[in-house]
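# Overview (structure and organization)
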Amino acid sequence: MKIVFLVHNIYGIGGTVRTVINLAQALSARHEVEIASVYRRLDKPTFDIAPAVRLTPLIDLRPEPDRADADDPLYAQRSRLVPPSEELYLQYSALSDQRIVDYLRGTDADVVIGTRPSLALLVAEYAPEAAVRLAQEHMTHTAVPAGTRAAIARLYQRIDAAVTVTEADAESFRTTTPVSGLRVLCIPNGVPVPAVAPADCSGRIVVAAGRLIDWKRYDLLIHAFARVLPEAPGWTLRIYGSGSEHGPLTRLIRELGVHNSVTLMGSVSPMDAEWVKGSIAAVGSDLEPFGMTLVEAMRCGIPVVSTACPDGPPEILSHGEDGLLVPVGDIDAFAAGLLELIRDEEKRSRMGHAALVNSRRYDPEVIARRYEDLIAEICHERGLPAPGRPRTTAAHRPTGAVVAAARAVANPAGPVAPGGVRRLLGRAVRAAGSRVGLKAAAPSSPTALATPGRGEPVGGCRADRSGAITVTVDWPGFEDGRAKLVCRARADRRTKVRAALRADGSGGFQATLPTASEKLGEGRWDLFVESADRLHRLRAGVRDLRDLLGIGERTVLLPVRSHVPYATLDGFLALRSWVRDRHAEVADIRVTDDGFQVAGRLVAEPFGTVRPLLTLRRRQPPLLEYQVEGDSSGGEDFHFLLTVDDLVAGRVRAHEDWDLWVGRAGEAGEARLARVFTDLADLKGIQVYPELVWTDETASEPAHDSPPGRTRVRPYCARTNDISLNVVDFD
């Protein structure tokens, strides 16, 4: 049968997007599945979607190759079909009304599923009578505005079933918005098997993930973790995601002085390889309509400490078995829950295994079967044909864009901008061609790349405890016994390092990077498959780097070599490499009333009776340096108290950068202070240190052109992960 999901924006991020994709992919194994996205703002979805699932955008708002939809006069007019109380009402328009109605009236789907109330209302009114019409409720029903609930009460009589993601929300729906004859039931969201092995819960990282918005209460989590830290040395908290709370959370981290232990990691997708770096997952929300992150963590074998907020966590977690539930908004209780698992590795391991087992009930295949059973029951009750009959292959039917273009040609008097029909047709044909496997003709130039496999090669990575990196290449149809994995230096494209690719026995190919050799010098390297003397750049796959955690403790010899695979902004696989003959690894930077305390390790060079020496060297001319002696236990550790009075008083520019070096007092040689023992290729913007504001209350003749006032001194990670100081005047 053909199943259609009507989604607001499948190209974006969020729990609804992930769950729709998971369910659509599971159903596509036995059915024809299409996702109709009202909006498209990106060239490709943020989350990967299997080729078997067809995507049909109804309104294309990408700036390129044209702005036909954005320039359509209907786009500037308010929607008349979406309730004004709808949360995203201002994003809908008369154009979306037209496109959605045309699509629903023209679809030949057996099942049409609206994935938010406003879209389910349109499914109720305009989807074919012969189709099964379902409303998916991804938000807590009590959070649905009263005006939208009134429309639901009026129109959901034409919906065959409303599906919530929790039992509590199903009951809330029945009591809050009763609809005569409407079947309301719970089918939870599905979460697929992770692409990496489960966590062993032996590490010292707490992981949280989600949108950085107020009701997710990451502030509570940070406060709770700050209370835990005195009893949990070495533990860190990583928070993944983006959103409006990023700035306030950054300030809170600085105010609490936990910047060395709490990090805002930004958005990462998929999260599997990040979850398994942790030993505890944390959810501090005031509410969770479901709780995708809880299930994702559990599927990776991690126990969860969560607030017992409505509606999802109490239904997902079994308190004391696969996680802990604590009162909503209670910082002390949350801290106690974290500390209970931090102190007891055996309990963490036991709960992590239980989480792995218990979360199998959320496998997308299990969830897909429940939807199939529901659809079969509805078909039987309504006397519709039994689901499962064969259908036309999706690739050979016209897309919504093609249909819209054809209508524009047939009705040239419609509101289409000059040249809009040509642009619309061109875009539609290009989109249709990409779905049916058509490709542009290869350039006739001799530099055109060969394509021994189908599509683009994808490279996944796995690091071992020694820091060695194994790359696995997935490229369907690829056959070449002489192929090589090539690392090409970004700074000098002529420099290439090769490693033989060997079949891995499961349809892929593997190569281990020569990380222990001198060939992979310091810098950035792009990765390729070399076949028939041609290079094919690798797309970034899953990078399991959990064993890079703690690698600094295992590094005891010089030179220091550290290699971290990462995904570039455009999605390709790259490698960040550090090679240092001498190395000072920063461990901790703290602000004091007078300056900064800096602690770290001079690798493989114990100080003995010699005192550590910190040198600050100004990067801009005229060159100048200051030196500060520190303390050590006699081992490799160093501790400095860096006062900034002389540094600030002697400045000659309004903006200066100072680089930091560590050596041994009275001896030649020094090492750049940096952080290279990490699983992160770029710490700039992630590792944020506090700043010190120095006030000039005595100087009457400033040494530079700026007037006397306040000066900000802030340590920072450069793009090389080296540590520097930024000294800036401001008033």
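Note that the coordinates shown come from a computational prediction; the quantities given were computed from them, not determined experimentally.

## Some details on the overall build of the protein
For the protein, the helix and strand inventory stands at 17 helices and 34 strands. Among the 731 residues that make up the protein, the fraction classed as buried is 55%. Relative to all contacts within the protein whose residues are 6 or more apart in sequence, the contacts with residues 24 or more apart total 68%. Roughly 31600 Å² of accessible area belongs to the protein as shown, and the carbon and sulfur atoms make up 52% of that amount.

## Some points on the packing of helix α11 (residues 331-343) against helix α12 (residues 345-358)
Two numbers describe how α11 lies on α12: the axes approach to 5 Å, and their chain directions differ by 100°. It follows that α11 is roughly perpendicular to α12 by the angle criterion. Contacts from Glu340, Leu341, Ile342 and Arg343 of α11 reach α12 at Glu345, Lys347, Arg348 and Met351. Here the contact of α11 with α12 is composed, by residue class, of 3 nonpolar, no polar and 5 charged.

## Digging into the packing of aromatic side chains
The full count for this structure, using the stated rule, is 7 aromatic pairs. Ring centres of Phe638 and Phe640 lie 5.5 Å apart, and the angle between their planes is 40°; this geometry places the pair in the tilted category. Among the residues examined, Phe638 registers a relative accessible area of 0% and is labelled buried. Classification of Phe640 by relative accessible area gives buried; the value is 3%. Here the aromatic residues Trp475, Phe478 and Phe509 are joined through ring pairs into a cluster of three or more. Geometry around Tyr39 places Arg41 over its ring, the cationic atom sitting 5.0 Å from the centre. Taking the ring centre of Trp661 as reference, the NZ or CZ of Arg672 above it sits at 5.6 Å.

## A look at the sheet that holds strand β10 (residues 262-266)
Pairing within the open sheet is parallel, and its 6 strands lie in the order β10-β9-β8-β11-β12-β13. Of all the strands in the sheet, just β10 and β13 (323-326) have a single pairing partner and so form its edges. Within the sheet, the average angular offset between the axes of one strand and its neighbour, ignoring direction, is 20°. Here strand β11 (residues 280-283) pairs with strand β12 (residues 304-307) via 3 bridges, running parallel. Bridge pairing in β12 places Ala282 opposite Val305. Strands in contact with helix α6 (residues 218-228) are β8 (205-209), β9 (236-240), β10 and β11; relative to β9, the strand with the most contacts, it is inclined by about 170°.

## Quick notes on the layout of surface pockets
The gaps of empty space that remain are located by a probe, the size of a water molecule, rolled over the atoms. Volume-wise, the second largest pocket comes out at about 1400 Å³. Lining the second largest pocket we find 48 residues, and of these Arg204, Gly234, Thr236, Gly550 and Glu553 sit closest to its centre. Put simply, the parts of the chain that give the lining of the second largest pocket at least two residues each are β9, β10, α16 (551-554) and β25 (584-591). The greatest single-element share of the lining of the second largest pocket, amounting to 5 residues, is contributed by β25.

## Focus on the side chain of Asp311
Here Asp311 lies in the loop between β12 and α10 (312-316). Setting aside residues no more than four positions away along its own chain, Asp311 makes contact with Thr140, Thr166, Ala168, Asp169, Glu288 and Pro289.

## Brief notes about the sheet that holds strand β22 (residues 539-544)
Across a sheet, strands are paired by hydrogen bonds formed along the backbone, either parallel or antiparallel in direction. Read across the sheet, 5 strands follow the order β18-β19-β15-β14-β22 without closing on themselves; strand pairing throughout is mixed. Where the open sheet ends on each side, the last strands, each with one partner, are β18 (502-503) and β22. Pairing geometry for strand β14 (residues 458-463) and β22, over 4 bridges, is parallel. When the sheet's bridge partners are listed, Cys461 is paired in β22 with Arg543.

## A word on the packing of helix α1 (residues 15-27) against helix α13 (residues 364-382)
Closest axis-to-axis distance for the α1/α13 pair is 9 Å, and the angle between their directions is 75°. Taken together, the axes of α1 and α13 are roughly perpendicular relative to one another. Contacts between α1 and α13 involve Asn22, Leu23, Ala26 and Leu27 from the former and Pro364, Glu365, Ile367, Ala368, Tyr371 and Glu372 from the latter.

## Regarding the nonpolar core
Soluble globular proteins: nonpolar side chains tend toward being buried together. Formed by 61 residues in total, the largest nonpolar core has its most connected members in Trp275, Leu616, Leu673 and Leu725. Ignoring anything within four residues of it in the chain, the contact list for Trp275 reads Val207, Ala209, Ala281, Thr293, Glu296, Ala297, Cys300 and Ile302. Among the nonpolar cores identified, the runner-up in size contains 44 residues, and Leu74, Ala127, Leu182 and Val184 belong to it.

## Some remarks on the environment of Asn189
The residue Asn189 is located in the loop between β7 (183-186) and β8 in this model. Each C-alpha atom of the pair Asn189 and Met292 lies 7.6 Å from the other, and the pair is 103 residues apart in sequence. Residues in contact with Asn189, not counting those within four places in the same chain, are Thr19, His138, Val165, Phe290, Met292, Tyr362 and Ile367.

## Regarding the pairing of strand β31 (residues 670-674)
The element β31 is extensively covered by neighbouring structure, given that 4 of its 5 residues are classed as buried. Judged from the 2 bridges that link them, β25 and β31 form a sheet pairing that is parallel. Bridge pairing in β31 links Glu585 to Ala674. Two elements, strand β30 (residues 655-664) and β31, share 3 bridges in a ladder whose sense is antiparallel. Bridging from a neighbouring strand, Trp661 pairs with Arg672 of β31.

## Regarding unusual backbone geometry
In this structure, Pro270 follows Ser269 across a cis peptide bond, with omega equal to -5°. Tracing the backbone through its elements, the reader meets Pro270 in the loop between β10 and α8 (272-275). Omega for the bond connecting Pro310 with Asp311 falls within 30 degrees of zero, at 0°, which places this linkage in the cis form. Of note, the phi angle at Asn721 is positive, near 70°, even though the residue is not glycine. Classification of Asn721 as buried rests on a relative accessible area of 0%.

## Points about the environment of Gly320
Its location among the elements puts Gly320 in the loop between α10 and β13. Taking C-alpha positions, Gly320 is 9.5 Å from Lys347, a pair spaced 27 residues apart along the chain.

## As for the pairing of β8
The side chains of a regular strand alternate between the sheet's two faces. When you tally the buried positions in β8, you get 5 out of 5 residues, the bulk of the element. Taking every second residue as pointing to the same face, both faces of β8 are buried, with Ile205, Val207 and Ala209 on one and Val206 and Ala208 on the other. Where β8 meets β9, 5 bridges bridge the pair, whose relative direction is parallel. Residue pairing in the sheet places Val207 in a bridge with Arg238 of β9.

## So, helix α9 (residues 292-299)
Within an α-helix, residues lying three or four positions from one another point in the same direction, as the helix has 3.6 residues per turn. The buried fraction of α9 is high, at 8 of 8 residues. Among all positions in α9, only Met292, Thr293, Leu294, Val295, Glu296, Ala297, Met298 and Arg299 are buried. Gly301 occupies a position one or two residues after α9 and carries a positive phi of about 80°.

## Points about the confidence of the model for the protein
Summarising the model, the protein shows a mean pLDDT of 89, and 89% of its residues fall at 70 or more. Low pLDDT (under 50) marks residues 390-451, which in the prediction has 62 contacts with non-local residues, meaning those over four places away or in another chain. A low-confidence stretch, residues 700-704 (pLDDT under 50), is modelled with 7 contacts involving residues beyond four sequence positions or located in other chains.

## Regarding the side chain of Thr568
Residue placement: Thr568 occurs in the loop between β23 (560-567) and β24 (573-580). Side chain to side chain, Thr568 and Asp570 meet in a polar contact 2.4 Å long. With near-sequence residues (within four places) excluded, Thr568 lies in contact with Arg490, Arg537 and Ala574.

Definitions and limits used
Residues numbered from 1 in each chain as written. Predicted model: local features only at pLDDT ≥ 70, side-chain atom pairs only at ≥ 80, totals over all residues. Heavy atoms only, no water. Helix = DSSP H or I, 4+ residues; strand = E, 2+ residues; numbered from the N terminus. Buried < 20%, exposed > 50% of the residue type's maximum accessible area, 1.4 Å probe, protein only. Contact = heavy atoms within 4.5 Å. Areas by Shrake-Rupley, 256 points an atom, 1.4 Å probe, with all protein chains shown as cover. Axes fitted to C-alpha atoms, helices over the stretch in contact; angles between N-to-C directions. Parallel < 35°, antiparallel > 145°, perpendicular 65-115°, else oblique. Nonpolar A, V, L, I, M, F, W, Y, C, P; charged D, E, K, R; others polar. Phe/Tyr/Trp six-rings, centres within 6.5 Å; stacked < 30°, edge-to-face > 60°. Lys NZ or Arg CZ within 6 Å of the ring centre and 35° of its normal. Pairing = 2+ DSSP bridges. 1 Å grid on protein atoms, 1.4 Å probe; cavity = no way out; pocket = protein on both sides within 12 Å on 5 of 7 lines; lining within 4 Å. Points joined across faces, edges and corners; volume = space filled by probe spheres on them. Core = buried A, V, L, I, M, F, W, Y, C linked by side-chain atoms within 4.5 Å. pLDDT = per-residue confidence, 0-100. Polar contact = N/O pair within 3.5 Å; in protein donor to acceptor, adjacent residues only side chain to side chain.

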